[in-house]
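Examining the three-dimensional arrangement
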Amino acid sequence: MALKGGARIGLSFEAVFPHGCVFVPDSIAEAQDFDEKTRVRTPAKDKVTGLRVWQCRVMDMDPELGARSREVAVKILSPVQPVPPVGPFQPVEFEGLTVTPYVGSNGRLAYSYRATALVAPKTLAESRGKAA
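First things first, this report covers the structure right here in the doc. (Residues numbered from 1 in each chain as written. Predicted model: local features only at pLDDT ≥ 70, side-chain atom pairs only at ≥ 80, totals over all residues. Heavy atoms only, no water.)

A short note on unusual backbone geometry
- Residue Asp26 is not a glycine yet carries a positive backbone phi of 55 degrees.
- Its place among the elements puts Asp26 in the loop between β2 (21–23) and β3 (29–30).
- Its relative accessible area of 79% is what places Asp26 among the exposed residues.
- The phi angle at Phe89 is positive, at roughly 50 degrees, despite the residue not being glycine.
- By the secondary structure assignment, Phe89 is in the loop between β7 (71–77) and β8 (91–95). (Helix = DSSP H or I, 4+ residues; strand = E, 2+ residues; numbered from the N terminus. Buried < 20%, exposed > 50% of the residue type's maximum accessible area, 1.4 Å probe, protein only.)

Side note on the packing of aromatic side chains
- Scanning the entire structure with this criterion turns up five aromatic pairs.
- Aromatic side chains Phe13 and Phe17 sit 5.4 Å apart centroid to centroid with 35 degrees between the ring planes, which places their arrangement in the tilted category. The pair Phe13 / Phe17 is uniform in exposure class, with both members buried.
- By way of ring pairs, the aromatic residues Phe13, Phe17, Phe94, Tyr111 and Tyr113 are connected into one cluster. (Phe/Tyr/Trp six-rings, centres within 6.5 Å; stacked < 30°, edge-to-face > 60°.)

A few points about the side chain of Thr98
- Its location among the elements puts Thr98 in strand β9 (residues 98–103).
- Setting aside residues up to four positions removed in sequence, Thr98 forms contacts with Arg8, Ile9, Gly10, Ser112, Tyr113 and Arg114. (Contact = heavy atoms within 4.5 Å.)

Examining the pairing of strand β6 (residues 53–60)
- One ladder, built from three bridges, connects β2 with β6; its direction is antiparallel. Looking across to β6, one finds that Cys21 is bridged to Asp60.
- Bridge count between β3 and β6: two bridges; the pairing is antiparallel. Within β6, the position partnered with Ala29 by the bridge is Gln55.
- Where β6 meets β7, seven bridges bridge the pair, whose relative direction is antiparallel. Bridge pairing in β7 links Arg57 to Ala73. (Pairing = 2+ DSSP bridges.)

Some words on the pattern of salt bridges
- Throughout the structure, instances matching the rule amount to four salt bridges.
- Among the ionic pairs, Arg8 bridges to Asp46, the shortest N-O distance being 2.5 Å. Taken together, the positions of Arg8 in the segment before β1 (9–10) and Asp46 in the loop between β5 (40–43) and β6 put the pair 38 residues apart, joining distant regions of the chain.
- Here Asp46 falls in the buried class, since its relative accessible area comes to 5%.
- A salt bridge links Arg52 to Glu30; its shortest N-O distance comes to 2.9 Å. Pair noted here: Arg52 is in the loop between β5 and β6 and Glu30 is in strand β3, with a separation of 22 residues, a long-range link.
- Given the relative accessible area of 23%, Glu30 is considered partly exposed.
- Residues joined by salt bridges that share partners form a network here, namely Arg8, Asp46 and Arg114. (Salt bridge = Lys/Arg side-chain N within 4 Å of Asp/Glu carboxyl O.)

By themselves these figures say nothing about function.
Below, the structure written as structure tokens:
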């Protein structure tokens, strides 16, 4: 079985970020599409769902990354701008996470991540609920 170009593969948050991730402050922005003919930028809409596309950056907390880049961009499909956590570098999780593998301009395998929501970590939310 072969995957068609642009196939989105559903994954759990834990499969992509087993050590969690933290939100990079001030990194949520509406993604933009660029029309080569008119040279105009317009708000991006997801081709599958029709929802607006927002992009944020997170830092992967995997200790095996060492000195390599930890920054990962995740596109969030939502009719309204997702609300980030309060405070710098707060832990976050993504719901409805998918990955699309592709070959980058450098000829290397790369991944595009999409999610349906940016949320507080479930483990943190559960522990706060138990403490209350």
